[in-house]
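# A closer look at the structure
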Amino acid sequence: MAFSHRLRTWVLTIFLIFQSGYGWYLPGSYPHKYVVGDTLGVKVNSLTSIDTEIPFSYYSLPFCQPEDGVKDSAENLGELLMGDRIENSPYRFKMYTNESEIFLCHTGPLSGDQFNLLKKRIDEMYQVNLILDNLPAIRYTKKEGFVLRWTGYPVGIKVKDVYYVFNHLKFKVLVHKYEEPNVARVMGTGDGAEVIPTVAKSDSDVPGYIIVGFEVIPCSFMHNADSVKKSKMYEKYPAPIKCDPTTVAMPVNEKQPIVFTYEVEFEESDIKWPSRWDAYLKMEGSKVHWFSILNSLMVITFLAGIVLVIFLRTVRRDLTRYEELDKEAQAQMNEELSGWKLVVGDVFRAPSNASLLCIMVGDGVQILGMAVVTILFAALGFMSPASRGTLITGMLFFYMILGIAAGYVAVRLWRTIGCGDHKGWVSVSWKVACFFPGIAFLILTTLNFLLWGSHSTGAIPFSLFVILLLLWFCISVPLTLIGGYLGAKAPHIEYPVRTNQIPREIPAQKYPSWLLVLGAGTLPFGTLFIELFFIMSSIWMGRVYYVFGFLFIVLILLVVVCAEVSLVLTYMHLCVEDWKWWWKSFFASGSVAIYIFLYSINYLVFDLKSLSGPVSATLYLGYSLFMVVAIMLATGTVGFLSSFWFVHYLFSSVKLD
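Quick caveat: nothing in here was measured; it's all calculated off a predicted structure.

This next bit is on the packing of aromatic side chains. Within this structure, the stated rule accounts for 45 aromatic pairs. Aromatic pair Trp-472 and Phe-473: ring centres 4.6 Å apart, planes at 25°, arrangement stacked. Looking at Phe-473, the relative accessible area reads 41%, which means it is partly exposed. Ring pairs connect the aromatic residues Phe-441, Phe-449, Trp-452, Phe-465, Trp-472 and Phe-473, which therefore count as one cluster. The ring of Tyr-234 carries the charged tip of Arg-92 above its face, separated from the ring centre by 3.8 Å. When the ring centre of Trp-579 is taken as reference, the NZ or CZ atom of Arg-349 above it lies at 5.7 Å.

Here the focus is the nonpolar core. Generally speaking, a soluble globular protein has its nonpolar side chains buried in company with each other. In terms of nonpolar packing, the biggest core is built from 79 residues, with Phe-640 and Phe-651 touching the most fellow members. When residues of this core are assigned to their parent elements, the largest contribution, 15 residues, is made by helix 16 (residues 548–575). Once you skip the residues sitting within four places of it in the chain, Phe-640 turns out to touch Leu-357, Val-361, Leu-413, Ser-566, Trp-581, Trp-582, Ser-585 and Phe-586. In terms of nonpolar packing, the next biggest core, distinct from the first, is built from 58 residues, Val-42, Met-95, Val-175 and Tyr-209 among them.

Another point: the pairing of strand 15 (residues 259–268). In terms of burial, strand 15 is largely enclosed, as 7 of its 10 residues are buried. Two strands pair when backbone bridges link them, and strand 13 (residues 168–177) and strand 15 are joined in this way by 8 bridges, in the parallel orientation. Within the sheet, the bridge partner assigned to His-168 lies in strand 15 and is Thr-261.

What the rule picks out here adds up to 2 disulfides. The partner cysteine of Cys-64 in its disulfide is Cys-105, sulfur to sulfur 1.8 Å. Its S-S torsion of about -90° marks the bond between Cys-64 and Cys-105 as left-handed, since a negative value means left-handed. With Cys-64 in the loop between strand 2 (39–44) and helix 2 (77–82) and Cys-105 in strand 4 (residues 99–106), the pair connects residues that are 41 residues apart, well separated along the chain. As far as burial versus exposure is concerned, Cys-64 and Cys-105 are alike and both buried.

Between helix 15 (residues 522–540) and helix 18 (residues 592–606), the least distance of the axes is 10 Å, while the angle of their chain directions is 40°. By the angle class used here, helix 15 and helix 18 are oblique. In this structure, helix 15 meets helix 18 at a crossing whose hand is right-handed. On helix 18, the residues that touch Thr-522, Pro-524, Phe-525, Leu-528, Phe-529, Leu-532, Phe-533, Met-536, Ser-537 and Trp-540 of helix 15 are Val-592, Tyr-595, Ile-596, Tyr-599, Ser-600 and Tyr-603. Residue composition of the contact of helix 15 with helix 18, by class: 13 nonpolar, 3 polar and no charged.

Together, Leu-518, Ile-594, Leu-598, Ile-601, Val-605, Phe-606 and Leu-621 line one region of the surface with nonpolar side chains, adding up to about 590 Å² of accessible area. Of the residues forming the nonpolar patch, the biggest block, 5 residues, is contributed by helix 18. For Ile-594, the position within the fold is in helix 18. The class of Ile-594 is partly exposed, set by a relative accessible area of 39%.

Here we take up unusual backbone geometry. The phi torsion at Lys-160 lies on the positive side, around 55°, for a residue other than glycine. Among the secondary structure elements, Lys-160 is positioned in the loop between strand 11 (156–159) and strand 12 (162–165). A relative accessible area of 78% places Lys-160 in the exposed class. Positive phi, close to 75°, is recorded for Tyr-234, a residue that is not glycine. Tracing the backbone shows Tyr-234 in the loop between strand 14 (208–219) and strand 15.

Parameters and conventions
Residues numbered from 1 in each chain as written. Predicted model: local features only at pLDDT ≥ 70, side-chain atom pairs only at ≥ 80, totals over all residues. Heavy atoms only, no water. Phe/Tyr/Trp six-rings, centres within 6.5 Å; stacked < 30°, edge-to-face > 60°. Buried < 20%, exposed > 50% of the residue type's maximum accessible area, 1.4 Å probe, protein only. Lys NZ or Arg CZ within 6 Å of the ring centre and 35° of its normal. Core = buried A, V, L, I, M, F, W, Y, C linked by side-chain atoms within 4.5 Å. Helix = DSSP H or I, 4+ residues; strand = E, 2+ residues; numbered from the N terminus. Contact = heavy atoms within 4.5 Å. Pairing = 2+ DSSP bridges. Disulfide = S-S within 2.5 Å. Axes fitted to C-alpha atoms, helices over the stretch in contact; angles between N-to-C directions. Parallel < 35°, antiparallel > 145°, perpendicular 65-115°, else oblique. Left-handed = near helix turned anticlockwise from the far one by under 90°. Nonpolar A, V, L, I, M, F, W, Y, C, P; charged D, E, K, R; others polar. Patch = residues over 30% accessible without salt bridge, like charges linked within 9 Å, V, L, I, M, F, W, Y side chains within 5 Å. Areas by Shrake-Rupley, 256 points an atom, 1.4 Å probe, with all protein chains shown as cover. Salt bridge = Lys/Arg side-chain N within 4 Å of Asp/Glu carboxyl O.

Dropping the structure here:
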């Protein structure tokens, strides 16, 4: 009975999760009901550009400021690390109240610095990002019969060496009638209605609305600055304004003021709240994305399956043939041993730089675990684009928690290599806690100095640096030490064979073994290069990445292929009597990072042609290097652990004197 009750509860929970209609609202993203006449405040985010990849504050340009001053909105750790700076704006609406020709403000005469900065931002194609009820402003344009979607609108445009600014905004807010969520009504009657509470009806019968769309049309309109010198914010502009996005009329001139106005129109829409992000998630070329990923998955799965079958058949035939011999035949065969059987006394000889290998494997376990858990939560919808910054915050949280696993694996591997010696486990744990975070801190600090020098909002504030250091040394390091302590107490892995005192000489090879190891990374790279293009496009081209389900499948497939590639390479090296397999098994799969870095350079040269300035290129290469190091540690760890398991299994399956 208890089992059936639990099973029914789980089925009910899963049904709720996949409900696309009522009742499934993630924390912090529940629809907000507005009554007609309620005040709606528009927020502004950092100015962004795909030409420079350096964000700047909205109020770094001579835009109108709110009457009560500029105030920062509550931001989480992920938003700050991403360079988001969300602030209030002077734009405000009244729910379901259309307004037009609203005067906002007029700037004073532009100084030389303001004039040059405005021209520079227009040349660099900076976009203004507005947010209403957590929805970014979206802009639609038509080109050659196709409708293109953009988030935000450009600061201005350059036409025949004359700079024009978009000083009039036409907003369209899509609203939908608010419906009280009633889960029991969806589930029907029966036991389910008793398990799930029904939300009571609102006490108020006043009809409410929820916001399901936020569109903006920027216009350049020539205002009469003299006519609004005495006008106050939100008053009616004294003349009619016609917003024509196909023409420009407001040139930017030094020592000339700029007048800003706006209008807003509300429109009732059939779009429901759970579907309001669909307009942002419709990537261009989505069909190519889906079919390419499916094709890649099928090809790589088929290829990896063939490799695995051939490999298992070869090893199993070798072992079966040996075990079928009697003792006398085995003794005679031992004298004529060849291949991997000859290195039985050296296969578990401690590798060079054993502590570094243990540290890298520990960090790899931590990074891989963080990636799997984060992508899984994102695929389930807990880290959707609507929850800004939660993806980065979740990655940091899971990375710190998994410090326990990193310390445990590194110290236990250290004790296994040292045949159970407890000495040095504290040092190994400390190095695990500081190795990858230290590399990341060095790279990000260097890039942060460049952003500070550019006065960018992407620069991490000093206070945030202090917070990150506290998280590192007060949470991550202690958890890693706890994991190391558990690893020191756990029994080490016993080797199935003894190691000779004198190492065996490795025969000369026809080709450098490391050449084969570095080339092995091409197969894992083939599993993810298509997905890698969409990930990099979302990071550097301002697109929204949302197919985390496919990404999770690709990640699992990548782990399988890395394990298989490393197994095959390790077996090949043992067959040619090369017993130095430890580091080679790590880099056989970890070498995929080399190809990812080369692909990043290719993406910079051919896809980010407009990326301007050495600072932007340095930022791109720095972040790419950070990503590549993390991928190398994660994939290398998969290859090493799978090879270690295989070698241990192989030599424990056959008894050789």
